[in-house]
Amino acid sequence: MKKILTLLFLFDSLFCFSQNDSVPVSRTQDRQHFSVQLTYQHGYVFGTNAFLKGKNIESQKIKAFQTVSVKFSKQTVGKKLWEQLYQYPNWGFGAYLADFYHPRDVGYPIAVYGFLNSPFKRWRTSAFNFEIGFGATFNWKCFNPLTNQYNTAIGAGQSFLIDAGLNFEQRLLKKLAVSIGFSVTHFSNGALKKPNFGINTIAPRVGIKYNFFEAPAFIKQAVPHYHANNEWLLSVFGGAKNVVYDSVSTGILEKYEGVFFPVFGLSALYNRQISYKSKFGLGMTFSYDGSVNAQVAVDNNEIKKVKGPLGDNLQLSIYPSYELVAGRVSIILQPAFYLYRKKMMNQSPVFHQRIGLKYHLTNHIFVGITLRDYHFHVSDFVEWSVGYRIR
């Protein structure tokens, strides 16, 4: 689990390797554009499950939280074309400590993440920005059948983090700036360990930022006209799902350790890239989900899988697709629908969502990670993929 979360965190750092046409910048100049920022949030926790609504150790709603965060960033100046296209964003890494005011239930989570803060509009001393971050969260007081049996929101001590928001930044002095905004955050382990109903928050954010440089001179280069083009993306993916069987007769720790089932499949996506930033497309995925209608047996206090009919596990889905492109990196949003799957009791909804990151290693080969969820907050599983692009 820790290795998987580390891979996700490192994957986000690939923003710094996003390539396009570049302009030479001296190494000394390139090292000067670093900043440190301290931010504070206090906000609202959405009551999306019984644990957050008050079914917990303290028998109280978990409805508020606060965080203190330290962020280290680098200001881009236009060395690469995508930096100019995104109004010269800054990117970097952060760490924060969260307090949900229920330490016996939740603990004090610690997060590390990568982020990209990009202006919608930039003025001489200010900017209106959107920010998105991905990372990993540790130190949860997670579900435990003996000591914390109510926490159905977080099933493991580690989880993924997805954060998105808006902010306005104003420079006060040559090297000092303040910001105010808000963000929404989703915590989940991607169903790698059940239970996992997740936690979702929204909060205003204030920050103070010190730049180790004065206002930079941004590089402007001629932007060639973009000629729309088409591409096929063919990929394979794999992952795992954890299922807990409450009714089996075994030790309580073995019961809630659950059983892990493989998920894997093939995807085909047709895209049309209409600008340097945007791709629209239509895709289809054929997948195998080993957890569907799965049966288990108990042997010497161990839970073992019993294979069922292959046809029960096959699924076919279709989805429109949007990609926000920054050089070699893409953020992917895909509302999806199941076209075929065998009808079962207590199935997840036909309409589900896919959000992910993709990085092109070469012009043809790419890797990616996609979270498949439903109800916009319940994780189904995580897809780790590798694919080939035909342009």
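To be clear, the structure that these remarks concern was listed above.
Residues numbered from 1 in each chain as written. Predicted model: local features only at pLDDT ≥ 70, side-chain atom pairs only at ≥ 80, totals over all residues. Heavy atoms only, no water.

## Some thoughts on the overall build of the protein chain
So, step 1. If you tally the helices and strands in the protein chain, you get 5 helices and 18 strands.
So, step 2. A compact globule built from 391 residues would reach a C-alpha radius of gyration of about 21 Å, and the protein chain, at 22 Å, matches this within 12%.
So, step 3. Taken along the three principal axes of its C-alpha coordinates, the protein chain extends 70 × 50 × 30 Å.
So, step 4. Sorting the 391 residues of the protein chain into buried and exposed places 50% on the buried side.
So, step 5. Between the averaged position of the 42 positive side-chain charges in the protein chain and that of its 23 negative side-chain charges there is a distance of 6 Å. (Helix = DSSP H or I, 4+ residues; strand = E, 2+ residues; numbered from the N terminus. Rg over C-alpha atoms; globule rule 2.2 N^0.38 Å. Buried < 20%, exposed > 50% of the residue type's maximum accessible area, 1.4 Å probe, protein only. Lys, Arg positive; Asp, Glu negative; His and termini not counted. Charge placed at Lys NZ, Arg CZ, Asp CG, Glu CD.)

## Structural notes on unusual backbone geometry
So, step 1. In this model, Lys194 is joined to Pro195 through a cis peptide bond whose omega is -5 degrees.
So, step 2. Along the chain, the position of Pro195 falls in the loop between strand E7 (176–188) and strand E8 (199–211).
So, step 3. At Ser59, a residue that is not glycine, the phi angle is positive and equals roughly 50 degrees.
So, step 4. Position of Ser59 among the secondary structure elements: in the loop between helix H3 (50–53) and strand E2 (64–75).
So, step 5. Looking at Ser59, the relative accessible area reads 59%, which means it is exposed.

## Let's talk about the pairing of strand E15 (residues 329–341)
For a regular strand, side-chain orientation follows a simple rule: the groups alternate between the two sheet faces.
So, step 1. Pairing analysis gives 9 bridges linking strand E14 (residues 314–326) to E15, with the strands arranged antiparallel. Bridge pairing links Val325 to Ser330 in E15.
So, step 2. Between E14 and E15, which follow one another and run antiparallel, lie 2 residues, and Gly327 among them has a positive phi close to 65 degrees.
So, step 3. Relative to strand E16 (residues 351–360), E15 runs antiparallel, the two sharing 9 bridges. By the bridge assignment for E16, Leu333 is matched with Ile355. (Pairing = 2+ DSSP bridges.)

## Here we look at the sheet that holds strand E9 (residues 229–243)
So, step 1. Around the barrel, which closes on itself, the 8 strands sit in the order E9-E10-E11-E14-E15-E16-E17-E18 with antiparallel pairing between neighbours. For this sheet the average axis-to-axis angle between neighbouring strands, irrespective of direction, equals 25 degrees.
So, step 2. Two strands pair when backbone bridges link them, and E16 and strand E17 (residues 365–374) are joined in this way by 8 bridges, in the antiparallel orientation. Among the inter-strand pairings, Tyr359 is bridged to a residue of E17, identified as Val367. (Axes fitted to C-alpha atoms, helices over the stretch in contact; angles between N-to-C directions.)

## Overview of the pairing of strand E4 (residues 107–122)
So, step 1. Sheet analysis places strand E3 (residues 90–99) next to E4, joined by 8 bridges and oriented antiparallel. Note on E4: the bridge partner recorded for Trp91 is Leu116.
So, step 2. For E4 and strand E5 (residues 126–140), the ladder comprises 13 bridges, and the chain directions are antiparallel. The residue of E5 that forms the bridge with Ala111 is Thr137.
So, step 3. Connecting E4 to the next strand, E5, in antiparallel fashion are 3 residues.

## With respect to the layout of surface pockets
So, step 1. In this structure, the largest pocket spans a volume of roughly 1100 Å³.
So, step 2. Lining the largest pocket are 37 residues, and of these Lys194, Val243, Val244, Asn346 and Tyr374 lie nearest its centre.
So, step 3. Residue assignment for the lining of the largest pocket shows that the elements contributing at least two residues are H3, E9, E15 and strand E18 (378–390).
So, step 4. Along the lines of polarity and charge, the residues of the lining of the largest pocket split into 17 nonpolar, 13 polar and 7 charged.
So, step 5. The space that makes up the second largest pocket amounts to roughly 620 Å³. (1 Å grid on protein atoms, 1.4 Å probe; cavity = no way out; pocket = protein on both sides within 12 Å on 5 of 7 lines; lining within 4 Å. Points joined across faces, edges and corners; volume = space filled by probe spheres on them. Nonpolar A, V, L, I, M, F, W, Y, C, P; charged D, E, K, R; others polar.)

## Describing empty space enclosed by the protein
So, step 1. Tallied over the full model, the rule gives 7 cavities of 30 Å³ or more.
So, step 2. If you trace the largest cavity, you find 18 residues lining it, with Ser235, Ile332, Arg354, Phe366 and Ser385 closest to the centre.
So, step 3. Of all the secondary structure elements, the ones that give two or more residues to the lining of the largest cavity are E9, strand E10 (259–273), E14, E15, E16, E17 and E18.
So, step 4. Of the residues in the lining of the largest cavity, the class split is 8 nonpolar, 6 polar and 4 charged.

## Things to note about the side chain of His33
So, step 1. Examined against the element boundaries, His33 turns out to sit in the loop between helix H2 (27–30) and strand E1 (34–45).
So, step 2. Beyond its immediate stretch of four places on either side in the chain, His33 contacts Ser73, Lys74, Gln75, Val77, Phe213 and Pro216. (Contact = heavy atoms within 4.5 Å.)

## Details of the pattern of salt bridges
Once their charged atoms are close, side chains differing in charge can pair, the charge on each being opposite to the other.
So, step 1. Scanning the model with the defined rule gives 13 salt bridges in all.
So, step 2. The salt bridge involving Arg389 is made with Glu231; its shortest N-O contact spans 3.3 Å. Residue Arg389 is found in strand E18, and its partner Glu231 is found in strand E9; the two are separated by 158 residues along the sequence. Neither Arg389 nor Glu231 differs from the other in exposure class; each is buried.
So, step 3. Arg372 is paired through a salt bridge with Glu383; the nearest N and O atoms lie 2.8 Å apart. Of this pair, Arg372 sits in strand E17 while Glu383 sits in strand E18, and the two are 11 residues apart along the sequence. Taken individually, Arg372 and Glu383 each receive the classification buried, so the pair is uniform in this respect. (Salt bridge = Lys/Arg side-chain N within 4 Å of Asp/Glu carboxyl O.)

## Thoughts on the nonpolar core
Note that soluble globular proteins tend to have their nonpolar side chains buried in a common cluster.
So, step 1. Residues Tyr96, Phe100, Trp140, Ile154, Phe187 and Ile199 are the most contacted members of the largest nonpolar core, which totals 20 residues.
So, step 2. Here this core takes 3 residues from E4, the largest share from any one element.
So, step 3. When near neighbours in sequence (up to four residues on either side) are disregarded, Ile199 contacts Val45, Leu52, Phe100, Trp140, Ala153, Ile154, Thr185, His186 and Phe187.
So, step 4. Membership of the second largest hydrophobic core comes to 9 residues, among which are Ile132, Leu192, Ile331 and Ile369. (Core = buried A, V, L, I, M, F, W, Y, C linked by side-chain atoms within 4.5 Å.)

Just distances and angles here, no functional claims.
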